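Breakdown of the fold
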Amino acid sequence: QVQLVESGGGLVQAGGSLRLSCAASGRTFSSYGMGWFRQAPGKEREIVAAITGSGGNTYYADSVKGRFTISRDNAKNTLYLQMNSLKPEDTAVYYCAAVVGGYYRMTFKAYNYWGQGTQVTVSS
C-alpha cells in the first residue's frame, strides 16, 4: 500500500509557473506507474500526465504538451509536475495517483491510490 500527499498548489497569474510535488510512503515507489489528474468544477476528472515506474516513459494530454513536465525521483519517493505558461483553463484540483504494475494507465478508474488533491488557480 502507498499513501500520497500532494503539495505546491496555489494562486498564480496567467503565464506563471507552479511545481507540484507528490510524496509517497513505502519502499516500493518505483514499482508504481504514476499519474497527475485534474478536476475542475462540474467536469470529469482528466489525466494530465503520467510516467512509468522507472521514469523512462511519459504521457501528456494534448492540452498541456510543451507546457507541463512530469518527473519522478525514486530515491526520494517523490513525483513532480512542473507547470509553465499556465492558463486560466488549467484551474482545477490536481491529484496524484499510483497504479500497481509499473506502467501508467490512461483512465482514473485504473489507479489504485490517490492523494487528497491540491488546488491550482490561474487568474487572467
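Residues numbered from 1 in each chain as written. Predicted model: local features only at pLDDT ≥ 70, side-chain atom pairs only at ≥ 80, totals over all residues. Heavy atoms only, no water.

1. A closer look at the sheet that holds strand E1 (residues 4-7)
A sheet is described by the order of its strands in space; here 4 strands give the open sequence E1-E3-E8-E7, paired in antiparallel fashion. Strand pairing shows two members of the sheet lacking a second neighbour, E1 and strand E7 (68-73), which therefore form its edges. Taking each pair of neighbouring strands and ignoring which way they run, the sheet shows an average axis angle of 15°. (Pairing = 2+ DSSP bridges. Helix = DSSP H or I, 4+ residues; strand = E, 2+ residues; numbered from the N terminus. Axes fitted to C-alpha atoms, helices over the stretch in contact; angles between N-to-C directions.)

2. Regarding the packing of aromatic side chains
Here the structure, examined in full by the defined rule, presents 7 aromatic pairs. Note on Tyr-32 and Tyr-113: the rings are 6.1 Å apart at their centroids and 80° apart in plane angle, and the pair reads as edge-to-face. Of this pair, Tyr-32 sits in strand E4 (residues 32-39) while Tyr-113 sits in strand E10 (residues 113-114), and the two are 81 residues apart along the sequence. With a relative accessible area of 8%, Tyr-32 lands in the buried category. A connected cluster of aromatic rings, assembled from ring pairs, spans Phe-37, Tyr-95, Tyr-111 and Trp-114. (Phe/Tyr/Trp six-rings, centres within 6.5 Å; stacked < 30°, edge-to-face > 60°. Buried < 20%, exposed > 50% of the residue type's maximum accessible area, 1.4 Å probe, protein only.)

3. Observations concerning the state of the cysteines
For the structure on display, the rule yields 1 disulfide. The residue that forms a disulfide with Cys-22 is Cys-96, at a sulfur-sulfur distance of 2.0 Å. An S-S torsion of about 55° defines the bridge between Cys-22 and Cys-96 as right-handed. Placement of Cys-22 in strand E3 (residues 18-24) and of Cys-96 in strand E9 (residues 92-100) is noted, with a sequence separation of 74 residues between them. (Disulfide = S-S within 2.5 Å.)

4. Quick look at the pattern of salt bridges
Counted under the stated rule, the structure contains 4 salt bridges. The partner of Glu-46 in a salt bridge is Arg-38, and the shortest N-O contact between them spans 2.7 Å. Judged by its relative accessible area of 6%, Arg-38 is buried. Each of Arg-38, Glu-46, Arg-67 and Asp-90 takes part in one network of salt bridges that share partners. (Salt bridge = Lys/Arg side-chain N within 4 Å of Asp/Glu carboxyl O.)

5. Details of the pairing of E7
Of the two faces of E7, the one holding Phe-68, Ile-70 and Arg-72 is buried and the one holding Thr-69, Ser-71 and Asp-73 is not buried anywhere. Bridge count between E7 and strand E8 (residues 78-83): 6 bridges; the pairing is antiparallel. Across the sheet, residue Asp-73 finds its bridge partner in E8, namely Thr-78.

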